[in-house]
Amino acid sequence: MSTTPSKPMRVAVLMRPATGGMRRHLETLLRLRTQERVEPVLFAPEDFATLATSLGVPFVPITLSERPAPILDNRLARRVTERIEGNFDLVHVHGVRGL
């Protein structure tokens, strides 16, 4: 007998600036989620807001440059970590700089 969890798994999805295949991959993942079992929240650059809205996924804008910026990246990583720590069951990160 299969049991369904009483509440959905909260997943923080962190996305770096991207176009093309990685962006399509993210869209596919978010479209295929099982709403009753997975509740994603997208942390991504502002240009992902429209995608998140169209899919009904909560969106948290983050500022991440396309090129590595160690000091700024570290500050962002700390802010995002504070926001997700204890609030999500799983963190899914895209790309080396997805945080």
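Computed from a predicted model, the values in this text were never measured in an experiment.

### Comments concerning the overall build of the protein
When helices and strands are counted, the protein shows three helices and four strands. Its helices and strands in sequence order give the protein the pattern β-α-β-α-β-α-β, from N to C terminus. For the protein, the proportion of contacts with a sequence separation of at least 24, taken over those separated by at least 6, is 66%. Of the roughly 6,700 Å² of accessible surface on the protein, a fraction of 53% belongs to carbon and sulfur atoms.

### Overview of the environment of Val 93
Tracing the chain through its elements places Val 93 in strand S4 (residues 90-94). Along the primary structure Val 93 and Leu 14 are separated by 79 residues, whereas in three dimensions their C-alpha atoms are 4.8 Å apart.

### Quick look at the pattern of salt bridges
As enumerated under the stated definition, the model contains three salt bridges in all. Asp 47 serves as the salt-bridge partner of Arg 23, at 3.1 Å between the closest nitrogen and oxygen. Here Asp 47 lies in the loop between strand S2 (38-44) and helix H2 (49-55) and Arg 23 lies in helix H1 (residues 21-32), a separation of 24 residues in the sequence. Take Asp 47: its relative accessible area is 45%, and that puts it in the partly exposed class. Linking Arg 31 and Glu 27 is a salt bridge whose minimum nitrogen-to-oxygen distance equals 2.7 Å. One end of the pair, Arg 31, and the other, Glu 27, are both in helix H1, four residues apart, so they sit about a helical turn from each other.

### So, the nonpolar core
Within the largest apolar cluster, 13 residues are counted, with the highest numbers of intra-cluster contacts made by Met 15, Leu 26, Leu 30, Leu 42, Phe 48 and Val 57. If you list the elements that add at least two residues to this core, you get strand S1 (9-15), H1, S2 and H2. With residues up to four places along the chain from it excluded, the contact list for Phe 48 reads Met 15, Arg 16, Ala 18, Arg 23, Leu 26, Leu 42 and Phe 59. Leu 14, Leu 76, Ile 84 and Phe 88 belong to the second-largest nonpolar core, a separate cluster that totals eleven residues.

Thresholds, definitions, all that
Residues numbered from 1 in each chain as written. Predicted model: local features only at pLDDT ≥ 70, side-chain atom pairs only at ≥ 80, totals over all residues. Heavy atoms only, no water. Helix = DSSP H or I, 4+ residues; strand = E, 2+ residues; numbered from the N terminus. Contact = heavy atoms within 4.5 Å. Areas by Shrake-Rupley, 256 points an atom, 1.4 Å probe, with all protein chains shown as cover. Salt bridge = Lys/Arg side-chain N within 4 Å of Asp/Glu carboxyl O. Buried < 20%, exposed > 50% of the residue type's maximum accessible area, 1.4 Å probe, protein only. Core = buried A, V, L, I, M, F, W, Y, C linked by side-chain atoms within 4.5 Å.

From the geometry alone we can't say anything about function, so treat these as descriptive.
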